[in-house]
Amino acid sequence: MTFSIIARCPSTGRLGLGITTFSIAAGGRCEGIRFGAGVCKTQAYVKRDNDLIALELLEQGMAPAGVMAALEADDPDHDWRQIAIIDREGRTAAHTGPGCRPWAGHHEGDGFVAFGNVLAGPEVLDGIVAGFLADPGAALEFRLLAALAGGRDAGGQVGNDGHLSERSAAIFVASEPDHFDIDVRVDLHDDAVTELRRVLDEFKIYEKFYRDRGHRPDLAMSQAEFVASLPKKAVA
């Protein structure tokens, strides 16, 4: 009961992952992104160490198709997994096992994979893709957010008793090896995608301040001074 997108920005090489689901705290289960290697996300019936194994293989230069084959060979329950992989060059591989609850599927595009399970139907993937492609010049984090909103607006998740709301959501973007540029998440909310936009918009106000104070602490102002310097409408 999850839909996600992984992607590489062709102009910057940044790698990203966006996810939303009825389950809570999905962002805490997204270990599989590393700049200079790639992204791997396993969902449906999750095997979390898949993602870490995949990153090691991607870092060694193995292509996504080979990584997927290695994961399958190592996992007797591969049919129950949904997996998407992208490498540092933008090559992709995807797998939706027959054991995933319907509707489930994936779409491999140019430098991205959209995928999900327990969805209203294939139109949800169409919505994710349309959202991601709507503004190719936007920063990767906003393209990922538009993809999640597109999937939600196309019907999102549907269980046995009808529509399932998006209760948690997260976006991660990496352009340096040791940390994420963007790490924003909503762990429990009635409308997690909308709340994620609020969190991302607020974070973007502080993004340069947080980055620069680590690079030049001798020039860093206090957070109180920074907040005081913002236009009043920019302070939440």
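Cut-off values and rules
Residues numbered from 1 in each chain as written. Predicted model: local features only at pLDDT ≥ 70, side-chain atom pairs only at ≥ 80, totals over all residues. Heavy atoms only, no water. Helix = DSSP H or I, 4+ residues; strand = E, 2+ residues; numbered from the N terminus. Contact = heavy atoms within 4.5 Å. Areas by Shrake-Rupley, 256 points an atom, 1.4 Å probe, with all protein chains shown as cover. Pairing = 2+ DSSP bridges. Axes fitted to C-alpha atoms, helices over the stretch in contact; angles between N-to-C directions. Core = buried A, V, L, I, M, F, W, Y, C linked by side-chain atoms within 4.5 Å. Buried < 20%, exposed > 50% of the residue type's maximum accessible area, 1.4 Å probe, protein only.

Let us look at the overall build of the chain. Across its full length, the chain holds 6 helices and 12 strands. Along the first, second and third principal axes, the C-alpha set of the chain runs to 55 × 45 × 30 Å. Sequence separation of 24 or more characterises 52% of the internal contacts of the chain that already satisfy a separation of 6 or more. Carbon and sulfur atoms provide 53% of the accessible area of the chain, an area that totals close to 10800 Å².

For the rest of this paragraph, the subject is the sheet that holds strand S6 (residues 92-96). Spatial ordering of the open sheet is given by S3-S4-S5-S6, a layout of 4 strands whose pairing is antiparallel. Of all the strands in the sheet, the pair left with one neighbour each is strand S3 (33-34) and S6. Note that S3 and strand S4 (residues 38-44) share 2 bridges and pair antiparallel. Across the sheet, Arg34 pairs through a bridge with Gly38, a residue of S4. Contacting S4, strand S5 (81-87) and S6, helix H2 (residues 64-73) crosses the sheet at an angle of about 150 degrees to S5.

The next subject is the nonpolar core. Counting residues in hydrophobic clusters, the biggest one holds 28 residues, and the most contacted among them are Ile5, Ile128, Phe132, Leu140, Leu144, Ile171 and Leu196. Taken together, the elements giving at least two residues each to this core come down to strand S1 (2-8), strand S8 (112-117), helix H3 (122-133), helix H4 (140-153), strand S11 (168-174), strand S12 (182-186) and helix H5 (192-215). Here this core gets 6 residues from one element, more than from any other, and that element is H4. Among all residues touching Ile171, those that are not within four sequence positions of it are Leu17, Gly18, Glu141, Leu144, Leu145, Leu148, Ile182, Asp183, Val184 and Leu196. Residues Ile6, Leu17, Ile19 and Ile33 belong to the second largest nonpolar core, which totals 16 residues.

In short, geometric facts, not functional conclusions.
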